[in-house]
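Fold and geometry: a report
Each chain, written out:
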Amino acid sequence: MTTQNYYDLLGVEKSASFDEIKRAFRVKAKECHPDYHPGDTAAEAKFKEINEAYEVLKDDQKRAAYDRYGHQAYTSGMNGAGGASGFGGFDFSGTGFESIFEEMFSGFAGRARSAGEARANRGADLRYDLEISLQEAYDGLKKSIDVETYVSCDDCSGKGGKSLEQCDTCGGYGHIRQRQGFFVVDTECPACNGTGKKVKDACSKCKGSGRVRKKRTLEVNIPKGIDSGVRMRLSGEGHVGLNGGPAGDLYVFLTVKNHEIFEREGANLYCEVPIPMTTAALGGTIDVPTMSGKTEKLEIKAGTQSGHQVKLKGKGMPILKSSSFGDLYVSLKVETPKHLTQRQKELLKEFAKESKEETQEACTDFLSQIKKLWDNI
Ligand SMILES: [Zn+2]
Ligand SMILES: [Zn+2]
């Protein structure tokens, strides 16, 4: 068996239609057909590889299995890499979905089955990345998202066709045995996904797979107080399963964008509010913005220093699944006046003349500290 990707072997895109695959196969097969290259073993090997690829890609069920499990599904029995147990875990390999969509994990748990027992495979889970504003996270919202998933085919009620017949790849057994050195390895039949059965009189709409791709609009309820990194599960909104298996889940991964004024840390918010020097010195009231859209009156004590932090209790973000709120921490930033008029300058000079040691304590203390330092030298 070849180790090369079947699509690459035929030189087609993963999204290629059946006709494109057939055309590519004919061209490639002609290039290395043994009739045209008698005795050429390289051409013969290539011809076998191309046939192997075409055998899988021309068959909707085999192709779906190949897309889903990857090349390993067809080669694990030969090279022993991973084997059937390698199907679990995350698979971000992508199967031609829009960029926001990634196949998350196959949703398969290995389980022993007896021959012929039908296996209903759970559909794959999907991921959707959603970015919201801090305001939306504060208010909570209903958001419509567009997803494209496999859904059950209406025409055949998801059965894939009128009736079932025995799978000729595994002889109805559901698994195939392959020799691997001294060992014989038992793997699930990729042609029938282990059911041992194949669809007869395949439905023309879904080509026997029992499911079709469909664009759907889903409504997501985003609760108040949600934060970045939260993963919301929409149960049963992923891909529908194979052989009547249940649908996978859709996971919405949330990111909350940064805000122009507020910084968030958990349920608490932080912001910096500038205040005039005169308000800082004399005291007064200022308006502080909050996420509720209203402003809060904040009392400024006379002699407030720049960087002083005030806590506004309950004015932060809503706490998820509760009716309480975090706090808002306001850092006051005293603004030094600029562009002074002649009169203002005179007043401030006058003010400076009037200043005593205790008017600006920190400055006085600092100067005396420096003086001490110099005196000691
Ligand atoms: Zn089979
Ligand atoms: Zn159908």
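About the thresholds
Residues numbered from 1 in each chain as written. Chains lettered and ligands numbered in written order. Predicted model: local features only at pLDDT ≥ 70, side-chain atom pairs only at ≥ 80, totals over all residues. Heavy atoms only, no water. Helix = DSSP H or I, 4+ residues; strand = E, 2+ residues; numbered from the N terminus. Buried < 20%, exposed > 50% of the residue type's maximum accessible area, 1.4 Å probe, protein only. Contact = heavy atoms within 4.5 Å. Areas by Shrake-Rupley, 256 points an atom, 1.4 Å probe, with all protein chains shown as cover. Core = buried A, V, L, I, M, F, W, Y, C linked by side-chain atoms within 4.5 Å. Domains from an automatic or database assignment. Donors = N, O, S within 2.8 Å, 3.2 Å for Na, K, Ca; no water. Tetrahedral: all angles 85-135°; square planar, octahedral: opposite > 155°, others 65-115°.

Some words on the overall build of the protein
The number of helices and strands found in the protein is nine helices and 16 strands. Here the protein, with 377 residues, has 36% of them falling under the buried criterion. Within the protein, residue pairs in contact and separated by at least 24 positions form 62% of the contacts whose partners lie at least 6 positions apart. As displayed, the protein offers around 22800 Å² of accessible surface, 50% of which is attributable to carbon and sulfur atoms.

Comments concerning the nonpolar core
Residues Ile-145, Ile-222, Leu-298 and Val-330 are the most contacted members of the largest nonpolar core, which totals 37 residues. In this structure, this core is formed jointly by two domains, domain 1 (96–256) and domain 2 (263–376), each of which donates at least three residues. Ignoring any residue separated from it by four or fewer positions in sequence, one finds Val-330 in contact with Cys-271, Val-273, Val-288, Leu-298, His-308, Gln-309, Val-310 and Leu-312. Core analysis: the second largest hydrophobic core is formed by 19 residues, Tyr-7, Ala-29, Phe-47 and Ile-50 among them.

Some details on the coordination of the zinc ion (ligand 2)
The coordination sphere of the zinc ion (ligand 2), as far as protein atoms go, consists of Cys-153 (SG), Cys-156 (SG), Cys-203 (SG) and Cys-206 (SG), spread over 2.3 Å. One can describe the site at the zinc ion (ligand 2) as tetrahedral: its four donor atoms subtend angles covering 105 to 117° at the metal. Donor residues for the zinc ion (ligand 2), ordered by position in the chain, follow C-x2-C-x46-C-x2-C. With Cys-156 in the loop between strand 3 (141–152) and strand 4 (161–166) and Cys-203 in the loop between strand 7 (197–202) and strand 8 (211–222), this pair connects stretches of sequence that are 47 residues apart. Looking at Cys-156, the relative accessible area reads 9%, which means it is buried. You can call Cys-203 buried: its relative accessible area is 10%.

So, the coordination of the zinc ion (ligand 1)
Taken together, Cys-167 (SG), Cys-170 (SG), Cys-189 (SG) and Cys-192 (SG) make up the full set of protein donors to the zinc ion (ligand 1), lying 2.2 to 2.3 Å away. Around the zinc ion (ligand 1), the four donor atoms are arranged such that angles at the metal cover 100 to 116°; this shape is classified as tetrahedral. Read in sequence order, the donor residues coordinating the zinc ion (ligand 1) give the pattern C-x2-C-x18-C-x2-C. Of the two residues, Cys-167 is situated in the loop between strand 4 and strand 5 (175–180) and Cys-192 in the loop between strand 6 (183–188) and strand 7; the sequence distance between them amounts to 25 residues. Taking relative accessible area as the criterion, Cys-167 reaches 0% and is therefore assigned buried.

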